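Structural features, examined
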Amino acid sequence: MATNPLPQPTMTPRAWALLLLLGLIWGGSFFFARIAVQHVPPFTLVFLRLSLAAVALHLYVAGRMGIYEALRENWKPFLLLGIVNNALPHSLLFIGQIHLSAGLASILNATTPIWTVLIANAMTADERLTGRKIAGCLTGLAGTAVLLGPAALARTDIPFWALLFPIGASISYGFAAVFGRRFRHLPSPVTAAGQLTASTLVMLPVSLSVDHPWTLPVPPLPTIGAVLGLALVCTAFGYILFFRIIAIAGATNVSVVTLLVPPSAILLGAIFLGERLTSNAVFGMVLIAAGLIVLDGRWRQLLSQRPRQASG
């Protein structure tokens, strides 16, 4: 007996607003990381980012929203989510950024929607692979490459493994976005606090055994500011938005945020640092916008309605 296909998650205006805000917030994360990793070893930086964000979220929730019951009942799923969404990808990105520019790292990270589309197609019943999704992801990825320009790819002294690490992080983020769907019944601050608490416990022994942080000098003030920005803004608040978008729009749609990160970073630089917008940047943003429009899909509905409106 044939069954009707499950409805595909769609992007509402509210979901688009949250996604744009998350892209703006995460636009600064690669630059914060590039500053911080010069003085803080990668594993310790990951631990500081996750632990400070976890503390901030626990203070924010303050025992409300059934957080302790959720932690007790879901500690194993939270542990897995913390590994694939925090501990593993953040470590891969920060290690890679020792050798990669922020621009190149963000290009490689922008492959996340493609991996998420493929993973969601294999693991879910309501986020199936379509030509529209592939076309939108590839258009957006092309826009990211054009936006950042050939300079981001010009260096020839980058170790091959450093290029693979951000791609590995993108694949891990794809699995995390799909797995994160199972927490849609929980308030997003609770899910964010749960995964960050678990990933903090994972990264603590790694930081202690590998980096020996007690032997490190006190970092300069800009580095401390970058760590706080990563933890409180990009992580604590960012993941509240992330899980809220998953709950209302699905895994594939939330992964599109990685296409918004590079243009957000460039626009922030133009607004606050007086950096010049190049023609490459403008054209790349147009391509990214086109990719997002294709992924949204509502343009097809509008076009199909026009003939009927005209005939009526």
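These numbers come from a predicted model, not from an experiment.

**Looking at the nonpolar core**
By size, the foremost hydrophobic cluster in this structure holds 75 residues, and its most contacted members are Leu19, Trp26, Leu45, Tyr239 and Phe242. Tallying contributions element by element places helix α11 (residues 221-249) first for this core, with 13 residues. In this view, Tyr239 contacts Trp26, Asn85, Asn86, His90, Tyr173, Ala192, Gln195 and Leu196; residues no more than four positions away in its chain are not counted. Formed by 5 residues, the second largest nonpolar core is a distinct cluster that contains Leu104, Leu108, Ile158 and Ala162.

**Digging into the packing of helix α10 (residues 188-211) against α11**
Running from N to C, α10 and α11 point in directions that differ by 125 degrees, and their axes come no closer than 8 Å. On the basis of their axis angle, the class for α10 and α11 is oblique. The two elements α10 and α11 meet at a crossing, and its hand is right-handed. The residues of α11 that touch α10, namely those facing Ser188, Pro189, Thr191, Ala192, Gln195 and Leu196, are Thr235, Tyr239, Ile240, Phe243 and Arg244. A per-class count over the contact of α10 with α11 returns 6 nonpolar, 4 polar and 1 charged.

**With respect to the packing of aromatic side chains**
Under the criterion given, the structure shown has 8 aromatic pairs. Between the aromatic rings of Trp26 and Phe242, the centroid separation amounts to 5.9 Å while the plane-to-plane angle is 40 degrees, which identifies the pairing as tilted. With Trp26 in helix α1 (residues 13-27) and Phe242 in helix α11, this residue pair connects regions lying 216 residues apart in the sequence. Like Phe242, Trp26 is buried. Centre to centre, the rings of Trp161 and Phe165 are 5.1 Å apart; their planes meet at 65 degrees, and the pair counts as edge-to-face. Placement of both Trp161 and Phe165 in helix α9 (residues 160-179) is noted, with a separation of 4 residues, approximately one turn of the helix. On the basis of relative accessibility, which here comes to 35%, the residue Trp161 falls in the partly exposed class.

**Description of the side chain of Ser207**
With respect to the helices, strands and loops of the structure, Ser207 is situated in helix α10. Note on Ser207: relative accessible area 1%, which makes it buried. Here Ser207 is in contact with Phe43, Thr44, Phe47, His212 and Pro213, once residues within four sequence places are set aside.

**Quick look at the confidence of the model for the chain**
Fine structural detail should not be taken from predicted coordinates in areas where pLDDT scores are low. The share of residues in the chain with pLDDT of 70 or more is 85%, and the mean pLDDT across the chain is 82. α10 holds the highest mean pLDDT among the elements of the chain, 95, whereas helix α15 (residues 298-311) holds the lowest, 53.

**Considering the environment of Leu21**
Mapping Leu21 onto the fold places it in helix α1. When its relative accessible area of 32% is taken as the criterion, Leu21 is described as partly exposed. Considering only alpha carbons, one finds Leu21 and Leu241, 220 residues apart in sequence, at a separation of 8.4 Å. Among residues more than four places away in sequence, those in contact with Leu21 are Phe237 and Leu241.

**Focus on a nonpolar patch on the surface**
Among the surface-exposed residues, Leu52, Val218, Leu221, Ile224, Leu228, Leu232 and Val233 lie close enough to one another that they form a single nonpolar patch of about 630 Å² accessible area. Considering each element in turn, the nonpolar patch owes the most residues, 5 residues, to α11. Considering the arrangement of structural elements, one finds Val233 in helix α11. The class for Val233 is partly exposed, based on a relative accessible area of 41%.

**As for helix α5 (residues 75-96)**
In this model, α5 (22 residues) spans 30 Å end to end at C-alpha, consistent with the 32 Å of a helix rising 1.5 Å per residue. Burial analysis of α5 places 16 of its 22 residues in the buried class, which makes it a mostly covered element.

**Observations regarding α9**
An ideal rise of 1.5 Å per residue puts 28 Å on 20 residues; α9 measures up with 29 Å between its terminal C-alpha atoms. Buried residues of α9: Ala162, Pro166, Ala169, Ser170, Ser172, Tyr173, Gly174, Ala176, Ala177 and Val178, and no others.

**Regarding the environment of Ala193**
Within the secondary structure, Ala193 sits in helix α10. Under the relative-accessibility criterion, Ala193 is labelled buried at 0%. Here the alpha-carbon distance between Ala193 and Phe78, two residues 115 residues apart in the chain, equals 9.3 Å.

Cut-offs and rules
Residues numbered from 1 in each chain as written. Predicted model: local features only at pLDDT ≥ 70, side-chain atom pairs only at ≥ 80, totals over all residues. Heavy atoms only, no water. Core = buried A, V, L, I, M, F, W, Y, C linked by side-chain atoms within 4.5 Å. Buried < 20%, exposed > 50% of the residue type's maximum accessible area, 1.4 Å probe, protein only. Helix = DSSP H or I, 4+ residues; strand = E, 2+ residues; numbered from the N terminus. Contact = heavy atoms within 4.5 Å. Axes fitted to C-alpha atoms, helices over the stretch in contact; angles between N-to-C directions. Parallel < 35°, antiparallel > 145°, perpendicular 65-115°, else oblique. Left-handed = near helix turned anticlockwise from the far one by under 90°. Nonpolar A, V, L, I, M, F, W, Y, C, P; charged D, E, K, R; others polar. Phe/Tyr/Trp six-rings, centres within 6.5 Å; stacked < 30°, edge-to-face > 60°. pLDDT = per-residue confidence, 0-100. Patch = residues over 30% accessible without salt bridge, like charges linked within 9 Å, V, L, I, M, F, W, Y side chains within 5 Å. Areas by Shrake-Rupley, 256 points an atom, 1.4 Å probe, with all protein chains shown as cover. Salt bridge = Lys/Arg side-chain N within 4 Å of Asp/Glu carboxyl O. Expected span 1.5 Å × (residues − 1).

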